[in-house]
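One letter stands for each residue in the lines below.
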Amino acid sequence: AEAALADAQFVLLDYNHAPNLELLKKAHEHAERAVTLGGDLPETHLSLAATRQTLWDWAGAEESYGHVLRLNPKLSRAHRWYGGFLLQFGRIDQALAHERMAMELDPYDFAGQCSYGLYLFYAGKYPEAMEVLERALSQKDLLTGHVVLGDVNARLAALASGSEAEVYLKDALRQADTVRLAELLRQA
């Protein structure tokens, strides 16, 4: 329960529910309590890893992620979050490997597939990123997928020329329109 409360603070960050530092402090307190109460549960260490990462305790975060994966190497969310941690430090190949593992463990985590598309984008693997994102979006319409797919198409437009660049640019603009419409509907 304490780990879930820690994770909930991260959700509240997305909605500007309170000042970020206040929410992060609460998340960290809940995560530490979770580890104290249920030290052998990987989810408790995962919450602690996420709070440490967000609070820039890089060594502590990496230690916690490692502990989670030793406790349960099949915890999809741990691979996904650790992949994001690795990406922060330019460890692209390791990040991609952990995200692929997360997708194998939970093929219905479409947000994770969108994350994988983002990692591929950062790795400069634009066609592969586009394929992953389009496949994920065909199964579940996620705003983050449209954002990243728009970025991929914009980058491909910048690298291409002539009619090929126009096709990519049109798709990038279509993705931007989708994101803009979703934001307008959310505000309504």
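Read on for an overview of the structure. (Residues numbered from 1 in each chain as written. Predicted model: local features only at pLDDT ≥ 70, side-chain atom pairs only at ≥ 80, totals over all residues. Heavy atoms only, no water.)

Now for the environment of Glu-128. Within the secondary structure layout, Glu-128 lies in helix α8 (residues 126–139). Sequence separation between Glu-128 and Gly-117 is 11 residues, and the spatial gap between their C-alpha atoms is 7.7 Å. Discounting chain neighbours no more than four positions away, the residues touching Glu-128 are Tyr-116 and Leu-120. (Helix = DSSP H or I, 4+ residues; strand = E, 2+ residues; numbered from the N terminus. Contact = heavy atoms within 4.5 Å.)

Helical geometry: 3.6 residues make up each α-helical turn, so side chains three or four residues apart lie on a common side. With 13 residues, helix α3 (residues 42–54) extends 18 Å from end C-alpha to end C-alpha; this agrees with the ideal 18 Å at 1.5 Å per step. Extensive coverage of α3 is indicated by the burial of 11 of its 13 residues. For α3, the full list of buried residues reads Pro-42, Thr-44, His-45, Leu-46, Ser-47, Leu-48, Ala-49, Ala-50, Thr-51, Arg-52 and Gln-53. Structurally, α3 contributes buried residues whose contacts are with α1 (2–14), α2 (20–37), α4 (58–71) and α5 (76–88). Looking at the residues trailing α3, positive phi occurs at Trp-56, about 70°. (Expected span 1.5 Å × (residues − 1). Buried < 20%, exposed > 50% of the residue type's maximum accessible area, 1.4 Å probe, protein only.)

Axis angle and axis distance: for two packed helices, these are the angle between their axes and the distance between the axes, and together they describe the pair. It is the contact of α3 with α5, at a shortest axis distance of 11 Å, that shows an interaxial angle of 20°. Judged by the angle between their axes, α3 and α5 are roughly parallel. Like other packed secondary-structure pairs, α3 and α5 cross with a definite hand, here left-handed. Contacts from Glu-43, Leu-46, Ala-50 and Gln-53 of α3 reach α5 at Arg-77, Ala-78, Trp-81, Gly-84, Phe-85 and Gln-88. (Axes fitted to C-alpha atoms, helices over the stretch in contact; angles between N-to-C directions. Parallel < 35°, antiparallel > 145°, perpendicular 65-115°, else oblique. Left-handed = near helix turned anticlockwise from the far one by under 90°.)

With that settled, consider unusual backbone geometry. The phi dihedral of Trp-56 is positive, around 70°, even though this residue is not glycine. Its relative accessible area of 65% is what places Trp-56 among the exposed residues.

A cluster of nonpolar side chains, namely Trp-56, Trp-58 and Phe-89, defines an oily patch on the protein surface of about 360 Å² accessible area. Here Trp-58 is to be found in helix α4. Owing to a relative accessible area of 30%, Trp-58 belongs among the partly exposed residues under this scheme. (Patch = residues over 30% accessible without salt bridge, like charges linked within 9 Å, V, L, I, M, F, W, Y side chains within 5 Å. Areas by Shrake-Rupley, 256 points an atom, 1.4 Å probe, with all protein chains shown as cover. Salt bridge = Lys/Arg side-chain N within 4 Å of Asp/Glu carboxyl O.)

Let us now look at the layout of surface pockets. Its volume calculated, the largest pocket comes out at about 890 Å³. For the largest pocket, the lining is made up of 24 residues, of which Phe-10, Asp-14, Arg-80, Trp-81 and Ser-115 are closest to its centre. Only α1, α3, α4, α5, α7 (110–122) and α9 (143–159) provide two or more residues apiece to the lining of the largest pocket. Class assignment of the residues belonging to the lining of the largest pocket gives a composition of 15 nonpolar, 6 polar and 3 charged. (1 Å grid on protein atoms, 1.4 Å probe; cavity = no way out; pocket = protein on both sides within 12 Å on 5 of 7 lines; lining within 4 Å. Points joined across faces, edges and corners; volume = space filled by probe spheres on them. Nonpolar A, V, L, I, M, F, W, Y, C, P; charged D, E, K, R; others polar.)

Before going further, it helps to spend a moment on the pattern of salt bridges. This model, assessed by the stated rule, comprises 8 salt bridges. Asp-177 serves as the salt-bridge partner of Arg-180, at 2.6 Å between the closest nitrogen and oxygen. With Arg-180 and Asp-177 both in helix α10 (residues 162–187) and 3 residues apart, the pair spans about one turn of that helix. Its salt-bridge partner being Glu-183, residue Arg-186 comes within 2.8 Å of it at the nearest N-O pair. A residue pair is termed a helical-turn pair when its members lie 3 or 4 positions apart in one helix, as Arg-186 and Glu-183 do in helix α10 at 3 residues.

This part takes up the side chain of His-79. Tracing the backbone shows His-79 in helix α5. By relative accessible area, His-79 is classed as buried at 7%.

Let us look at the packing of α1 against α3. As a packed pair, α1 and α3 sit with axes 9 Å apart at the nearest point and diverge in direction by 30°. Handedness of the α1/α3 crossing: left-handed. Between α1 and α3, the residues in contact are Ala-3, Ala-6, Asp-7 and Phe-10 and Glu-43, Thr-44, Ser-47, Ala-50, Thr-51 and Thr-54, respectively. Here the contact of α1 with α3 is composed, by residue class, of 4 nonpolar, 4 polar and 2 charged.

Moving on, we get to the packing of aromatic side chains. One pass over the structure, following the stated rule, counts 9 aromatic pairs. Judged by centre distance (6.2 Å) and plane angle (20°), the ring pair of Trp-56 and Trp-58 falls under stacked. Between the NZ or CZ atom of Arg-77 and the centre of the ring of Trp-81, over which it lies, the distance is 5.0 Å. (Phe/Tyr/Trp six-rings, centres within 6.5 Å; stacked < 30°, edge-to-face > 60°. Lys NZ or Arg CZ within 6 Å of the ring centre and 35° of its normal.)

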